[in-house]
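Listed here are the chains, written in short residue letters.
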Amino acid sequence: QVQLVESGGGLVQAGGSLRLSCAASGRTFSGYVTGWFRQAPGKERDLLAAINWSSGTTYHEDSMKGRFTISRDTAKNMVYLQMNSLNPEDTAVYYCAAAQRPLSTAVAMGASAYDYWGQGTQVTVSS
């Protein structure tokens, strides 16, 4: 089992940046793909980026490339999402999640591939 806790959300002005963190407890991320999702009110939960913990190989949703970057710190057992050039459309609850699947499968399957979820952290971007 893995327990995930997100942090780093908050209020930011358009054009600003935030760095979200995801910490695991109970087990390490080793052997997992970890991902970042977001969900705005009335919308589905969408995959933003994912990373293979062991290899560091990453995937970024095309629309996120150049603005959002996923990374990991193996020593701290943490996963990060660096978000730059934020705009009001980025306002959502952001979730980290873990999947016991290959990266390509976790990306292709989306949310259904992920077995463990954090409670989310709110990101609000003001115009």
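For the structure, check the block above.
Along each chain, the written sequence defines residue order, and numbers are assigned to residues from 1. Confidence filtering applies because this is a predicted model: local features only for residues at pLDDT of at least 70, side-chain atom pairs given and counted only at 80 or more, and all residues used for totals across whole chains, interfaces and linings. The basis for every side-chain value is the complete set of heavy atoms in the structure, and neither hydrogens nor water enter the calculation.

S.K.: So what exactly am I meant to see when it comes to the layout of surface pockets here?
M.R.: To find the voids left in a structure, one rolls a probe of water-molecule size over its atoms. When its volume is computed, the largest pocket comes out at roughly 160 Å³. Lining the largest pocket are 14 residues, and of these Arg-38, Lys-43, Asp-46, Leu-48 and Glu-89 lie nearest its centre. Taken together, the elements giving at least two residues each to the lining of the largest pocket come down to strand S4 (33–39) and strand S5 (46–52). For the lining of the largest pocket, the element with the highest residue contribution is S5, accounting for 3 residues. Any residue with an atom within 4 Å of a point lines the site, the site being either a cavity, points on a 1 Å grid over the protein atoms alone where a 1.4 Å probe fits but cannot get out, or a pocket, an open set with protein on both sides within 12 Å along at least 5 of 7 lines. Grid points are joined across faces, edges and corners, and a volume is the space filled by probe spheres set on the points. Numbered from the N terminus, helices here are DSSP runs of H or I no shorter than four residues, and strands are runs of E no shorter than two.

S.K.: Explanation requested: the environment of Phe-37 in the structure shown.
M.R.: Along the chain, Phe-37 turns up in strand S4. Only protein chains enter the accessibility calculation, which uses a 1.4 Å probe; a residue whose area is less than 20% of its type maximum is buried, one above 50% is exposed, and one in between is partly exposed. Phe-37 sits in the buried class, given a relative accessible area of 0%. Sequence separation of Phe-37 and Leu-4 is 33 residues, and the distance between their C-alpha atoms is 13 Å. Residues in contact with Phe-37, not counting those within four places in the same chain, are Arg-45, Asp-46, Leu-47, Leu-48, Val-93, Tyr-94, Tyr-95, Ala-97, Gly-110, Ala-111, Tyr-114 and Trp-117. Residue contacts are counted whenever heavy atoms from the two residues lie within 4.5 Å of one another.

S.K.: Before we go on, may I ask you to explain the packing of aromatic side chains in this structure?
M.R.: Paired rings are identified among Phe, Tyr and Trp, the last through its six-membered ring, by centres lying within 6.5 Å, and are further divided according to the angle between planes into stacked (under 30 degrees), edge-to-face (over 60) and tilted (the rest). Under the defined criterion, the tally for this structure stands at 5 aromatic pairs. Measuring from centroid to centroid gives 6.1 Å for Tyr-32 and Tyr-116, while their planes differ by 70°, and the two rings are edge-to-face. Highlighted residues: Tyr-32 in the loop between strand S3 (18–25) and S4 and Tyr-116 in strand S10 (residues 116–117), separated in sequence by 84 residues. A ring pair is formed by Phe-37 and Trp-117, whose centres lie 4.8 Å apart and whose planes are at 55°; its orientation type is tilted.

S.K.: Where do I start with the nonpolar core in this structure?
M.R.: When a protein is soluble and globular, its nonpolar side chains tend to lie buried together. With 28 residues, the main nonpolar core has Leu-4, Trp-36, Phe-68, Val-79, Leu-81, Met-83 and Tyr-94 as its most contacted residues. Those elements giving two or more residues to this core turn out to be S3, S5, strand S7 (68–73), strand S8 (78–83), strand S9 (92–99) and strand S11 (121–126). Residue types Ala, Val, Leu, Ile, Met, Phe, Trp, Tyr and Cys, when buried and joined through side-chain atoms within 4.5 Å, form a set referred to as a nonpolar core. Ala-99, Leu-103, Ala-113 and Tyr-114 belong to the second-largest nonpolar core, a separate cluster that totals 11 residues.

S.K.: What is the right way to look at unusual backbone geometry in this model?
M.R.: The bulk of non-glycine residues show a negative phi, and the bulk of peptide bonds are trans. Positive phi outside glycine occurs at Asn-77, with the angle close to 55°. Structurally, Asn-77 can be placed in the loop between S7 and S8. The exposure class of Asn-77 is buried, given its relative accessible area of 13%. Even without a glycine there, the phi angle at Ser-85 is positive, about 50°. Relative to the helices and strands, Ser-85 resides in the loop between S8 and S9.

S.K.: How do you make sense of the sheet that holds S8 when you look at a structure like this?
M.R.: The strands that make up a sheet pair up through hydrogen bonds in the backbone, lying either parallel or antiparallel. Strand pairing is assigned whenever DSSP detects at least two bridges linking the two strands. Strand order in this open sheet of 4 strands is S1-S3-S8-S7, and the pairing throughout is antiparallel. One side of each edge strand has no neighbouring strand; the edge strands of this open sheet are strand S1 (3–7) and S7. Here the strands of the sheet are splayed against their neighbours by 20° on average, with no regard to which way each runs. Inspection of the sheet shows S3 paired to S8 by 6 bridges, in the antiparallel sense. Paired with Ser-21 across the strands is Tyr-80, a residue of S8. With axes taken as lines fitted to C-alpha atoms, and helix axes fitted only over the stretch in contact, angles between N-to-C directions fall between 0 and 180 degrees.

Honestly, that's just the spatial picture; any functional story needs more than this.
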